[in-house]
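Structural description and commentary
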Amino acid sequence: SSDDSPGSGESSGSTDGGAKPKVGVILPDTKSSARWETADKKYLTEAFEAAGVDSDIQNAQGDATQFQTIADQMITSGVNVLMIVNLDSGSGKAVLAKAKQAGIATIDYDRLTLGGGADFYVSFDNNKVGQLQGEGLQKCLDDAGKTKANIAFLNGSPTDNNATLFTAGAKEALKAKIDSKDYTIVADQTVEKWDNQIAGTVFEQMYTDTSGKIDGVYAANDGLANAAIAILKKNGANGIPVTGQDATDQGLQNILSGDQCMTVYKAVKKEADAASALAVALAKGEDPSSQATGSVTDTETNKEVKAVLLDPQAIYFDSVKDVIADGYTTKENVCTAELAAKCTEAGIS
Amino acid sequence: MSTSTRPPESAAPSLLAGSVEQPTFGEAVSNYVRKVRGGDMGSLPAILALVVLALAFYALRPEKFFSALNIANLFQQGATVTVIAMGLVFVLLIGEIDLSAGVTSGVCGATLAIALTKWDWPWYGAVAAALVVGVVIGTLLGTLVARVGIPSFVTTLAAFLAFQGVVLLMIGTGGNISITDNVIIAIENKNLPPWLGWALGAVAVLAYAGASLYGWSQRRARGLLSAPLGVIIAKIAAVAIAVLGLVAVLNQERSVNPVRSIMGVPIVIPLIAVLALILGFILTRTAFGRHIYAVGGNAEATRRAGINVPAVRTVCFMICSTMAAFAGIIAVSRATSVDPNAGGSNVLLYAVGAAVIGGTSLFGGKGRIIDALIGGAVIAVIDNGMGLLGYSSGVKYVVTGGVLVAAAAVDAISRRRARATGRL
Amino acid sequence: MSTSTRPPESAAPSLLAGSVEQPTFGEAVSNYVRKVRGGDMGSLPAILALVVLALAFYALRPEKFFSALNIANLFQQGATVTVIAMGLVFVLLIGEIDLSAGVTSGVCGATLAIALTKWDWPWYGAVAAALVVGVVIGTLLGTLVARVGIPSFVTTLAAFLAFQGVVLLMIGTGGNISITDNVIIAIENKNLPPWLGWALGAVAVLAYAGASLYGWSQRRARGLLSAPLGVIIAKIAAVAIAVLGLVAVLNQERSVNPVRSIMGVPIVIPLIAVLALILGFILTRTAFGRHIYAVGGNAEATRRAGINVPAVRTVCFMICSTMAAFAGIIAVSRATSVDPNAGGSNVLLYAVGAAVIGGTSLFGGKGRIIDALIGGAVIAVIDNGMGLLGYSSGVKYVVTGGVLVAAAAVDAISRRRARATGRL
Amino acid sequence: MTQAAYAAPNQAPPPILEVRGGRKNFGAVHALRGVDLVARAGEVTALVGDNGAGKSTMIKCIAGIYGFDAGEVLFQGEPVNITDPAEANAMGIEVVYQDLALCDNLDIVHNMFLGRELKKGIQLDEQAMEARAAEVLASLSVRTVRSIRQHVASLSGGQRQTVAIARAVLWNSKLVILDEPTAALGVAQTEQVLQLVRRLADAGLAVVLVSHNMNDVFEVADAINVLYLGQTAAQVRTKDSSRSEVIELITSGSANGNAAAPALSKTTPTANGSNPA
Amino acid sequence: MTQAAYAAPNQAPPPILEVRGGRKNFGAVHALRGVDLVARAGEVTALVGDNGAGKSTMIKCIAGIYGFDAGEVLFQGEPVNITDPAEANAMGIEVVYQDLALCDNLDIVHNMFLGRELKKGIQLDEQAMEARAAEVLASLSVRTVRSIRQHVASLSGGQRQTVAIARAVLWNSKLVILDEPTAALGVAQTEQVLQLVRRLADAGLAVVLVSHNMNDVFEVADAINVLYLGQTAAQVRTKDSSRSEVIELITSGSANGNAAAPALSKTTPTANGSNPA
Ligand SMILES: Nc1ncnc2c1ncn2[C@@H]1O[C@H](COP(=O)(O)OP(=O)(O)OP(=O)(O)O)[C@@H](O)[C@H]1O
Ligand SMILES: Nc1ncnc2c1ncn2[C@@H]1O[C@H](COP(=O)(O)OP(=O)(O)OP(=O)(O)O)[C@@H](O)[C@H]1O
Ligand SMILES: [Mg+2]
Ligand SMILES: [Mg+2]
């Protein structure tokens, strides 16, 4: 992964006529998670501005063709560093190859491009996210005194590899209980494009098919969780453990009101800061290898990729305040009038 | 069945008012049978497809599919697509398409949610805002198509893209907007008290009976050809059985949760019924509705008849977008939130599919509100049934496609003879 | 410009062969100007829209948009949509639609990838397999539409759903298949050596010149009305300038990386050109192509002329799906992999949009291959230009929609006069 | 064959419609290159000409379907510029087009009342329309229509034509233009329509009748206007002209071989070649 | 007005087409309730009847557009069952339909050769088709068509009809059926078409001509077949019948008041009321 030295900033930057180095960032979509548009973009922009580096941050809107077009355009416009969150490893690999041909340094952000050979990798561990969800579901079931439980899996998009990883992680975490027949998976369906409307219908049919005999819901993110909660509420069955992800305002509110049991908070700022630090260094022609403390193995090439790995954090009723304290959202956004009492109870000040 | 050996002259009916020989009940029935055999079948094939589908799912999930709970689900799940489809009928009737109807519902839903949560408007204000946005969007689209002359496919494709951006910008940070307004949430999540369900059902049946009998008596009085009283009464009886039967089923206890009772007609049903009645009235009873069909049948002839064709076109787009706004409101109620996907995914394709399966033509001039209702039911049943079966996603897609094409084939094959006669 | 004061009789041209008065160069030009003024403009409006777009993006990103690198990008980026659009023209010409063309390309791409990687087939075997899958899908769809009689919207909506499932099952949930075959990868990632670019360009120009002049001499020999030689030569010159100019631009060094040279005509350009020539030949020079237009213009009249209309319909669907298979191969080459989203998203809508912007009618009977090329270029330019501008997603969606509608409006307004004359 | 026993009044009645020097191009095609027409109240004016002479085009220009590119149109003496059929309707011009212009997906009643539906409040008054439509059709000798609620798509050629004619005569208008109204009609129906045309004129309307049938023209027309290759070749009173003369005008654009027409008001050929583009 | 100076041969020529007791329902509408037809080689058989009598429906049934619901069709003595226009074409039946059946989006040449294009290898031989089409049109007195490469959408009513007729006579066929071919034609063009019809018959083809114009019928037809309300009312030789008799048959279905027709082979009314469903 180090065939050409990641430091060709000056030469390729000169085509832009200016001296400022430039970083290109491609985010994957706007719909699998709100974070890309609302958090990552903001933090990265701030970091690049602070470092005096030009940046071009775009979103492929879930479309692999778009993804490549954007990459072409960034290479055309002469970026020195290309940072991508791939939509899938295949198209990601094609983009990385083109970038390398053009002598541009590359960073895999949040998702590892298998066989892509990026210079660096910065991420939360997606399998770990799933594990936290699984553990959280078990914890909440335990708290509710349910040793035997019927569990419904409301998974993310069938075409999203991360959704596959989340589900796999959760099932790993619950494996013991499932093997011991304490937990039964009574329903297990995916939700096309993470669409909340579709999730509602899918979950409603799970509920109908099982005659409501569901004790816990694995929902892959907060949006899906909310869709399930709406159906549970309609049937007067809300309050059973439901998992989530992303620590959205909606998810936090559902946790505070007791309808959702947990969410997974990925401190996007930390991830963005780590990635932007790497990118800035690369853009300025420095070697930031020292910042990359860890490494992961690319299972396709069996090569090591230098990596910065961050830990996701499970959020329960008591730890909602941590997310706010982290500056990821604000008290005003979360604590609406109806939730004021709960907020106090949860120690949010 | 008893029309044998008439003298040839009687086959030439006189058109003069007052001199019409009214058919007997038996004749009316046998005429209908002959019409159906001849291929003029109205909604029958789509209904047949619906029945076949329902029976198939019933066979696979006997206790679940026809449970009161699932029947209520069916209406609540199908509401959004059906309402959009009802609006699309207007646009399809004039031979145009609105690819943006789905995302328009998203924009209007987002408007509703923002008005409720960010601006703290009361629900009626927020609903009004959503509807106004729908009307404005429709006016814009209609103007671009009817006055500027951009093909509707391109116009609404552009709108489809642009409105996705609008939804993103509206929802902005936070990704999802949850709503808590009880009135809005009630639409898709609450039911009428049983007595009110009965009352509304009875009113509906009586109104239908009154209108049918009044029209019949008027025609007889003028000496115009009209169906025999027996047929009218039989139709009223059928409507009464359908409506009151549905009320009876939905007024059963359907909760699977012992601590909480759920019964009554879901609120969304009378809402859809009222919308359908209004739209149906516009299409079949007003001059404007007549002009819509005329534009779809032969726009040039309509123009020559002195009708303002661009105005008709524009209003059709406005109606479509307004119905999308209603759908957006219903969708928000159902999810109790909006997300950036709102109205995206396959909503639009499903809605157009619903209208087409029901019998609406993409070439204009042919279609009815009932088409949207029946087609919406077909789509909802497929979605609902597939959800009960719980296949893996790949298999689910394949089976859904297969079921859809099978349902459409039932319809197509039973319409064969209609096509054999060439014109219909 | 010099046709003044003719005696009235000469305004009645004789139809008899051999007696035609051939127009002079000046007359031919002024006739053309008059035709355009009268509203009969062919591709001009779409090309005008394209020029306006390109200039707008050029103004916003002067050094980038017209760089050799970006021009090469444009072709590689637009290839998939354009190829699907070329196939869709056939289906649109007969007044049908194929909503599944995008996902068909995904299925065929997945077939290619599996054949290459799982079965270790050579590239030509894998390509053949992908094309065979395309043909089979087209036959299936065509049969359902033309023989069973299911409306194409519903048939292909079902296929759209089912094929998404098929791709998922082929690839596995969330997975993807990378390919490493150099021949396949070359299609979208490699260029012709400069000399070959020049050679092919020259051959193309010579072939065009030869065909034009031969046709012209034949018509003159038969005494049929034909354009003056000057016009023919002017057209040949224009083609030569366009083709050789493009080769010249693409044969420039366009690498932004000093250590690595990139120059030459991207391989995908001659591929698209060959496909376009074959399809164009079918449409304009063969009896079958004529029958396609006839079916779209008046299916009943075509049937009465003794043409097997269902067969024509079926073959059109086959051609469409086969082109989708080509597009799938190109997409795999571009991404060097397939994922379960392949051919999904907006690919289909963009492709239909491309055909319609180019001037193809959704109602059948009107459309050409060049429409798909020009419309595909419009879509590619918008996508490409928007990528250079770097807006946030929400804004980008909105601006893309706006630009699309603006481009279409340029087209629509310049076609106004054609519509004013009623029939065209 | 004999001219109708109807004498034109000594002083000609006032013209309802007058067209002077009308021109119309379709792209490079000059369909009309200077046409004139006078349609007087109480008179039937026949418009004749070879196939493709421009009769239908002229009518469509008058009715506002295309609008003339150049030339003058006077309606009741006032210059007007009709660019939309709705305006023509509002002025009291009714037209039966050669291509009929019916909506195939609507039934007979709806086609007849299209654009001017009878209403009860906001609702359509279907029954009143149905009764009125039945009356008019019966008066036109229509005997084979199975049901007045049939879609016009399923009608025979003649039945369709009758519906179009019935539609035009339902309204109070000042000028009725009929483009080959009897082309598809049977013997009895043709007779009825010719009588109707005469009745309309006698009721004080101006009627313009396009026909290729010289019998019909000489039976009902008071004046004859001949188009030749997009130009008005002649405007004559029926009583002052003969059938052979008119046929000669139609086929050759002039009546050279014929000296027996002193009243023949030939239009002088205008500078028709001047390029209008 | 006078019957054509053409005497039918003493022994009738062999029938090319024979229809016996043809029936056709459209849903509840009985359009044909027992029709008979004999079309002989070398003869023009006129098919007449009131508007809506069923003439066009009968022709469409023969041509395979609908196919009869019941009844027998013999072609050159063999029973046949034509269910597709392609079969009719293959057998040598050419039809000009009343609704013309042209593709508006194709030009004149393409319409004329639709389905039977001339080819050079796999390519269309446009030039050969163009030259041939120009010839045929010129022979039909078409003088106002601006270009043979015009789309038929832009043609006048009469021009369209000429194209449809030209299309039908381009081919070597055994039976030519023309449904009101001269309805929209001018005087000269009508004359040409009638001559053409006669020429076709004289060349040994069987010709069936639908027309409302008794002049034309009596000018060219050898036999006349009268339809009344979907039933064949009479089949007569032209020379044995009179115009008033035929008109009476058309309007009332019987020629009661007329005793001068011994050769009149009236079909006995069949049990037409029996329910065919
Ligand atoms: N939209 C159009 N575009 C181009 N040419 C047209 C158009 N409409 C008519 N024409 C041409 O204008 C000429 C006059 O046509 P028009 O229909 O007025 O003839 P007409 O006198 O009504 O003939 P007919 O007796 O056959 O109905 C014809 O040569 C026709 O081809
Ligand atoms: N597709 C159809 N569906 C229903 N009724 C039809 C259909 N086609 C024709 N008819 C009816 O059948 C009868 C015969 O029609 P047809 O067209 O054969 O008449 P025709 O003799 O050709 O009359 P014309 O002289 O007016 O052309 C008419 O009453 C018509 O309304
Ligand atoms: Mg005309
Ligand atoms: Mg007819």
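Every value quoted in this text rests on a predicted model; they were computed, and no experiment measured them. (Residues numbered from 1 in each chain as written. Chains lettered and ligands numbered in written order. Predicted model: local features only at pLDDT ≥ 70, side-chain atom pairs only at ≥ 80, totals over all residues. Heavy atoms only, no water.)

Here we come to the sheet that holds strand β4 (residues 105-109) of chain A. Residue and element names in this part refer to chain A. Strand order in the open sheet formed by seven strands is β2-β1-β3-β4-β5-β11-β10, and the pairing between neighbours is mixed. Each edge of the open sheet carries a strand with a single partner, namely β2 (54-59) and β10 (294-298). For this sheet, the mean inter-axis angle between neighbouring strands, taken without regard to orientation, is 25°. Two elements, β4 and strand β5 (residues 120-124), share three bridges in a ladder whose sense is parallel. Note on β5: the bridge partner recorded for Y109 is V122. (Pairing = 2+ DSSP bridges. Helix = DSSP H or I, 4+ residues; strand = E, 2+ residues; numbered from the N terminus. Axes fitted to C-alpha atoms, helices over the stretch in contact; angles between N-to-C directions.)

Here the focus is a nonpolar patch on the surface. Residue and element names in this part refer to chain B. On the surface, a nonpolar cluster with roughly 410 Å² of combined accessible area is contributed by F25, V29, Y32, V33 and L44. Along the chain, the position of V33 falls in helix α1 (residues 25-37). On the basis of relative accessibility, which here comes to 33%, the residue V33 falls in the partly exposed class. (Patch = residues over 30% accessible without salt bridge, like charges linked within 9 Å, V, L, I, M, F, W, Y side chains within 5 Å. Areas by Shrake-Rupley, 256 points an atom, 1.4 Å probe, with all protein chains shown as cover. Salt bridge = Lys/Arg side-chain N within 4 Å of Asp/Glu carboxyl O. Buried < 20%, exposed > 50% of the residue type's maximum accessible area, 1.4 Å probe, protein only.)

Once chain B has been moved 0.0 Å along the axis and rotated by 180°, it coincides with chain C to within an RMSD of 0.1 Å. What the superposition gives is, in effect, a two-fold axis relating one chain to the other. For chain B, the minimum C-alpha distance to the rotation axis belongs to B:F363 and amounts to 3.5 Å. A share of 100% of the interface residues of chain B reappears at the interface of chain C, consistent with the copies meeting face to face through the same patch. (Least-squares fit on C-alpha atoms with pLDDT ≥ 70 in both. Contact = heavy atoms within 4.5 Å.)

For the rest of this paragraph, the subject is the interface of chain B and chain C. Counting residues at the interface gives 45 residues for chain B and 46 residues for chain C. Both faces considered, chain B and chain C share a buried interface measuring about 3800 Å² in area, 81% of it formed by carbon and sulfur atoms. Among the residues of chain B in contact with chain C, B:F153, B:L161 and B:Y397 are the three that bury the most area, contributing 16% of the side total. Our count for the chain B to chain C interface comes out at two residue pairs in polar contact (both at pLDDT 80 or more). Of all the secondary structure elements, the ones that give two or more residues to the side of chain B that touches chain C are α6 (123-148), α7 (152-171), α15 (347-358) and α17 (393-420) of chain B. No other element matches α17(B), which puts 15 residues into the side of chain B that touches chain C. Tallied by class, residues from the side of chain B that touches chain C come to 31 nonpolar, 11 polar and three charged. (Buried area = accessible area lost by both parts, 1.4 Å probe. Polar contact = N/O pair within 3.5 Å; in protein donor to acceptor, adjacent residues only side chain to side chain. Nonpolar A, V, L, I, M, F, W, Y, C, P; charged D, E, K, R; others polar.)

What follows is about the coordination of the magnesium ion (ligand 3). For the magnesium ion (ligand 3), the full set of protein donor atoms is D:S56 (OG) and D:Q98 (OE1), at a range of 1.9 to 2.0 Å. Placement of the pair is D:S56 in helix α1 (residues 55-62) and D:Q98 in the loop between β6 (93-96) and α3 (108-112), with a sequence separation of 42 residues. (Donors = N, O, S within 2.8 Å, 3.2 Å for Na, K, Ca; no water.)

As a further point, take the state of the cysteines. Considering all chains together, one arrives at two disulfides over all chains under this definition. Residue A:C140 pairs covalently with A:C261 via a disulfide, S to S 2.1 Å. The disulfide joining A:C140 to A:C261 has a torsion of about 80° about its S-S bond and is therefore right-handed. A residue pair is termed long-range when its members are at least 10 positions apart, and A:C140 in helix α5 (residues 126-143) and A:C261 in the loop between α10 (249-256) and β9 (263-265) qualify at 121 residues. Across the pair, A:C261 and A:C140 agree in class, each one buried. A sulfur-sulfur separation of 2.0 Å characterises the disulfide bridge that pairs A:C335 with A:C343. In this structure the cystine formed by A:C335 and A:C343 twists about its S-S bond by roughly -100°; its chirality is therefore left-handed. Overall, the relative accessible area of 16% leaves A:C335 in the buried class. The exposure class assigned to A:C343 is buried, which follows from its relative accessible area of 2%. Each disulfide of chain A joins two cysteines, and with those cysteines numbered along the sequence the arrangement is 1-2, 3-4. Free of any disulfide, C:C316 has its nearest neighbouring cysteine sulfur in C:C320, separated by 9.1 Å. Judged by its relative accessible area of 1%, C:C320 falls in the buried class. (Disulfide = S-S within 2.5 Å.)

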